[in-house]
Amino acid sequence: MDISEPSYFAREQAHLPFFVQAARELGYYGYDTHPFRPYLTIESAHGYLHRVMLPRELETLPFDDTLYHQVTAFLDKNDLPILFIYGQHDPWTAAGVTGLKGKKQIKIYTEPGGSHLARISSFPEQTRAEILASLKKWLEEE
C-alpha cells in the first residue's frame, strides 16, 4: 500500500489519460522478470501496460513514436532553459532525457535515492541552490 495502492491499477481511475498517452506516444518502462521466473505464473511482463492499465477496448492501441522523435529532435536542436528532475529509483527515470551533450541551459538532475516524489526541495542543499540559481537567472532574463 505504501508503494502502489490498488486504485493505481483500477480500470476507472484518474491516471487513465496518462496511461493512454503512455501506450500510444510515450512508451512505458518494462521489467526484467527473468530473475523472478520461478515465482511468477506469467512468461514475461511484455505488453502488461495494455493488459493491466487500459480498458479492454484500447488493449490493441498501437504505439506511435512520432512524438518521441519530435521531442528528441527539438531537444537536440535547441538549448532552451528547461529543467528535468528525476528520482534515482523512479522507474520513469529509465525513460528520462539523456545524452544532451554541450547544452548550457538544459539542466538534468537526478535526486540520489529519490523516487517519483523527487522535487527541488528534496535535493541536497548544494544541488537545490544550483537549481534555484538557474531558475532565478532564467526568470530575470524574461
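The text that follows walks through the structure, step by step, so that each part is easy to find.

### Some details on the overall build of the protein
Within the protein, the regular secondary structure consists of 4 helices and 2 strands. Secondary structure elements of the protein occur, N-terminal to C-terminal, as α-α-α-β-β-α. Taking 2.2 N^0.38 as the reference for a compact globule, 142 residues should give roughly 14 Å; the C-alpha atoms of the protein span a radius of gyration of 18 Å, well beyond that estimate. For the C-alpha atoms alone, the extent of the protein along its principal axes is close to 55 × 35 × 30 Å.

### Some words on the nonpolar core
Counting residues in hydrophobic clusters, the biggest one holds 11 residues: Phe19, Ala22, Ala23, Tyr28, Tyr29, Ala45, Tyr48, Leu49, Met53, Leu54 and Trp92. Contributing elements (two or more residues each) for this core: helix H1 (16-26) and helix H2 (48-53). Setting aside chain neighbours within four positions, we find Tyr29 in contact with Tyr48, Pro91 and Trp92.

### Notes on the pattern of salt bridges
By the definition in use, this model includes 5 salt bridges. Between Asp64 and Arg24 there is a salt bridge whose closest N-O contact spans 4.0 Å. Highlighted residues: Asp64 in the loop between H2 and helix H3 (66-77) and Arg24 in helix H1, separated in sequence by 40 residues. Looking at Arg24, the relative accessible area reads 31%, which means it is partly exposed.

### What about the layout of surface pockets?
Of the voids in this model, the second largest pocket is the one considered here, and its volume is about 630 Å³. For the lining of the second largest pocket, the elements supplying multiple residues, two or more each, are H1, H3 and strand E1 (83-87). The dominant element in the lining of the second largest pocket, judged by the number of residues it contributes, is H3, at 6 residues. Broken down by class, the residue content of the lining of the second largest pocket amounts to 15 nonpolar, 5 polar and 2 charged.

Parameters and conventions
Numbering of residues starts from 1 in every chain and runs along the sequence as written. Restriction of local features to residues with pLDDT of at least 70 applies here, the model being predicted, together with a cutoff of 80 or more for giving and counting side-chain atom pairs; totals for whole chains, interfaces and linings are based on all residues. Excluded from the side-chain calculation are hydrogens and water; included are all heavy atoms of the structure. Segments assigned H or I by DSSP are reported as helices when at least four residues long, segments assigned E as strands when at least two residues long, and all are numbered from the N terminus. Every radius of gyration here is taken over C-alpha atoms, with the globule rule written as 2.2 Å times N^0.38, N being the number of residues. By nonpolar core we mean a set of buried residues, namely Ala, Val, Leu, Ile, Met, Phe, Trp, Tyr and Cys, connected to one another through side-chain atoms within 4.5 Å. Using a 1.4 Å probe on the protein chains alone, a residue whose accessible area is under 20% of its type maximum counts as buried, one over 50% counts as exposed, and one in between counts as partly exposed. Note on contacts: a residue pair qualifies if any of its non-hydrogen atoms lie within 4.5 Å across the two residues. The salt bridge criterion pairs a side-chain nitrogen of Lys or Arg with a carboxyl oxygen of Asp or Glu, the two atoms within 4 Å. Every definition here rests on a 1 Å grid over the protein atoms only: cavities are sets of points where a 1.4 Å probe fits but cannot get out, pockets are open sets enclosed by protein on both sides within 12 Å along at least five of seven lines, and lining residues have some atom within 4 Å of a point. Grid points are joined across faces, edges and corners, and a volume is the space filled by probe spheres set on the points. Three classes are used: nonpolar for Ala, Val, Leu, Ile, Met, Phe, Trp, Tyr, Cys and Pro, charged for Asp, Glu, Lys and Arg, and polar for all others, with Gly counted as polar.

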